[in-house]
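Inside the fold
The primary structure of each chain is shown beneath.
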Amino acid sequence: MVIFPDGGERYLSTELYAGKKETTVRLYNTLTNTKEFFKPIHSEKILIHSCGPTVHEVPHIGTYRRVILSDMVVKYLNFKGYEVKHVTNIIDMADRSIKGAELAGMDVKEFSERYTKVFYEDLDKLTIRHEGNYPKASENVDEMIRLVEKLVDRGYAYEKLKSVYFDISRLDDYGVLSNIDLTKVQHSHTVDQDDYEKDNPVDFTLLKRSNLAELKKGIYYKTRWGNVRPSWHLECAAISLAYLADTFDIYISGSDIVFPHCENVMAIGKAATGEKMANFWLNAELVMREGKKMSRSLENTFTMEDLEKRGYTGKEIRYFLLSSHYRKPLNFSFAALDTAGNTIRRLNNFIQRLIHASPGEGCDDVDQLIYDVKNGFSAAMDDDLNVSGALAAVFEFVKAVNPLVTEKRLSEDERDRIIGVMRKINAVIGVIDFEEEKLDEGARNLLSQREEARRSGRWEESDLLRERLFDMGVLVHDTPDGTTWTLK
RNA sequence: GGCGGCAUAGCCAAGUGGCUAAGGCAGCGGUCUGCAAAACCGUUAUUCACCGGUUCGAAUCCGGUUGCCGCCUCCA
């Protein structure tokens, strides 16, 4: 173990260490407004925090864009061979949860659990794993209160009429993340200043005193300042510090909440530990609907269920959300989902064709093609997750392999290696199916009846059977090698 | 008012100084088919919002114009 006098920055940038510490991955850091080479803090495990959803309602697909970004970052780092610890907090005690529970005549816990369950189901549909690190705000209140005690003790927070506020004047670099100039801020758009008694209107709330109705329902936590509820910024800060470290690798959120949320979370971390909270701050852009942000208040949202009712699948929605760059606004449309569906179908067809390919002599080009697709995919993804470029590499691969399948040139081993590399890529993009499609017996019978009819030239009967199979979801294809089929 | 971002084909979307401007979808043409469909193959931007400048060379850099979006401290 060697301790470098300057924290190692200078030494780590020398060639000797570059290979070990620095990755080939470049990410756009909101903190510096530049793409930087990602350098993990610990070589053994990368630590990532993502802002989770509020669970006062069924989340809409706009919420899921940043969730998809987090998932893709984690899966791509896994693809590169890194182990990742990823924490996503569940905001289950927001103002709206309390209001919503009251309207529904439920207690807040029961109310929140209902929507947390939907959130998890949605993650399943989007092929995002959710076992493990999804701590709930309501189960980490002790951490939050301890954190505020620390802030007050260190002089970064103050109590006023039984609420506790963060004193931003104490942090000289407040505003570095969002580039905000507090002297030019327009106040009071979303806050009724009369409700708060801050020393300075730019200070933000850490703990808010519970009101009478909340006290009656038991929605409060006893502290030395009074009976209070934690604020949103405090929740994210406390959870990321408690579950990860004083300084962790990446903080992922949405572009609409860089200010105030991320800025304030960062300020809490810096004030509490004296260290910078995260090295990289990634912010996903928004999902738009006819030129406006998709949001509850504009009443222009779609939930996963809304889209499923219209016949779209989770994977189609996933593809739609991930297939264009995360730092550009994404316009929602049904046409875009249709496109996603068609595109995925092409990839699935490719896999099914490979599964059913008749083995051949083998082909010298395969090694090169596999090398090219791996290389093209990771080169693009390395560059701040350029998914469009990465997918282009995949489609070029598909295009090059298809004729080899048609001409029956692939050996079994080559075929398996091609499927293997597609699986590896799909571990990141998560939209392709690799299961061999199977027919049930009824469909198989109809298929052979149709073959019989065709052999005897009874076209009307054969066409009727084709229609019946179509209605069952089976598409038949008459090819020179006989009849094949795929599932719709 | 402040800060940040965007504008590339019918649609979506890469590319940020130099080979013929990736890729996907849709369309069109072809192969196949009893006919279809699917699949596969081929094809689709002398031009990158507009004006000016720098340069041997600009979608890419600089200045300006227009249009659009997000955020500005407890909605999250």
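Bear in mind that the values here come from a model prediction, so they are computed numbers and not experimental data. (Residues numbered from 1 in each chain as written. Chains lettered and ligands numbered in written order. Predicted model: local features only at pLDDT ≥ 70, side-chain atom pairs only at ≥ 80, totals over all residues. Heavy atoms only, no water.)

Of the residues in chain A, 93% have a pLDDT of 70 or more, and the chain-wide mean is 90. Note on residues 1-20: pLDDT under 50 across the span, and eleven contacts to partners over four residues away in sequence or across chains. (pLDDT = per-residue confidence, 0-100. Contact = heavy atoms within 4.5 Å.)

A separate point is the domain arrangement of chain A. Domain assignment breaks chain A into domain 1 (9-182 + 191-305), domain 2 (345-429) and domain 3 (441-487). Each of domain 2 and domain 3 has a C-alpha centre, and the two are 30 Å apart. (Domains from an automatic or database assignment.)

Attention now moves to helix H17 (residues 459-471). Between its terminal C-alpha atoms H17 stretches 18 Å, which fits the 18 Å expected from 13 residues at 1.5 Å a residue. Regarding H17, the residues found buried are Ser462, Leu465 and Leu469. The buried residues of H17 all sit within an arc of 60° when viewed along its axis, so they share a single face. Turned more than 90 degrees away from the buried face of H17, the exposed residues are Glu460, Leu464, Glu467 and Asp471. Its buried side turned inward, H17 meets helix H16 (441-455) and strand S15 (474-479). At the exit of H17 stands glycine 473, carrying a positive phi of roughly 95°. (Helix = DSSP H or I, 4+ residues; strand = E, 2+ residues; numbered from the N terminus. Expected span 1.5 Å × (residues − 1). Buried < 20%, exposed > 50% of the residue type's maximum accessible area, 1.4 Å probe, protein only. Arc of directions from axis to C-beta.)

In this section: the packing of helix H14 (residues 387-406) against helix H15 (residues 412-429). Helix-helix packing is characterised by the crossing angle of the two axes and by the distance between the axes. Contact geometry for H14 and H15: axes closest at 12 Å, N-to-C directions at 160°. Classed by the angle they form, the pair H14 and H15 counts as roughly antiparallel. Viewed along their axes, H14 and H15 form a crossing whose handedness is left-handed. On the side of H14, the interface is formed by Leu391, Val394, Phe397, Val398 and Val401, while H15 contributes Ile418, Val421, Met422, Ile425 and Ile429. Looking at the contact of H14 with H15 residue by residue, the class counts come to ten nonpolar, no polar and no charged. (Axes fitted to C-alpha atoms, helices over the stretch in contact; angles between N-to-C directions. Parallel < 35°, antiparallel > 145°, perpendicular 65-115°, else oblique. Left-handed = near helix turned anticlockwise from the far one by under 90°. Nonpolar A, V, L, I, M, F, W, Y, C, P; charged D, E, K, R; others polar.)

Note that lysine 198 resides in the loop between strand S6 (163-166) and strand S7 (204-209). Aspartate 203 provides the closest opposite charge to the buried, unpaired lysine 198, separated from it by 7.5 Å. A distance of 2.9 Å separates a polar atom in the side chain of lysine 198 from the backbone oxygen of aspartate 203. Here lysine 198 is in contact with Tyr158, Tyr165, Asp203 and Thr205, once residues within four sequence places are set aside. (Lys, Arg positive; Asp, Glu negative; His and termini not counted. Salt bridge = Lys/Arg side-chain N within 4 Å of Asp/Glu carboxyl O. Polar contact = N/O pair within 3.5 Å; in protein donor to acceptor, adjacent residues only side chain to side chain.)

Tracing the backbone through its elements, the reader meets leucine 330 in strand S14 (residues 330-332). Distance from leucine 330 to leucine 27, taken between C-alpha atoms, is 19 Å for residues 303 residues apart in sequence. Ignoring sequence-local partners within four residues, the contact set of leucine 330 consists of Arg65, Leu286, Val287, Met288, Phe320, Leu321 and Ser324.

Below, the discussion takes up the pattern of salt bridges. Throughout the structure, instances matching the rule amount to 35 salt bridges. For lysine 117, the salt bridge identified is with glutamate 121, shortest N-O distance 3.2 Å. You can see lysine 117 and its partner glutamate 121 sitting in helix H5 (residues 108-125), four residues apart, about one turn around the helix. By relative accessible area, which is 34% here, glutamate 121 ends up partly exposed. Among the salt bridges present, the one from glutamate 131 reaches arginine 129, with a minimum N-O distance of 2.9 Å. What makes glutamate 131 exposed here is its relative accessible area of 52%. The class of arginine 129 is exposed, set by a relative accessible area of 62%. Linked by salt bridges that have partners in common, Asp95, Lys208, Glu214 and Arg229 make up one network.

With that settled, the discussion passes to the sheet that holds strand S10 (residues 248-254). Spatially, S4-S3-S10-S11 is the arrangement adopted by the four strands of the open sheet, whose pairing is parallel. Two strands in the sheet have a free side with no partner beyond their single neighbour: strand S4 (84-88) and strand S11 (278-284). On average, adjacent strands in this sheet sit at an angle of 20° to one another, irrespective of strand direction. Pairing geometry for strand S3 (residues 46-50) and S10, over three bridges, is parallel. (Pairing = 2+ DSSP bridges.)

What follows is about the sheet that holds strand S5 (residues 157-160). The strand order across the open sheet formed by five strands is S5-S6-S7-S9-S8, and the pairing between neighbours is antiparallel. The open sheet has two edge strands, S5 and strand S8 (221-223), and neither has a second partner. Each strand axis lies, on average, 35° off the axis of its neighbour in the sheet, ignoring direction. Alignment of S5 against S6, held across four bridges, turns out to be antiparallel. Following the sheet pairing, glutamate 159 is matched in S6 by valine 164.

Attention shifts here to the pairing of S15. Here S15 runs beside strand S16 (residues 482-487); their pairing, made up of six bridges, is antiparallel. From the neighbouring strand, valine 474 faces S16, where its bridge partner is leucine 487. Hairpin connection from S15 to S16: two residues lie between these consecutive antiparallel strands.

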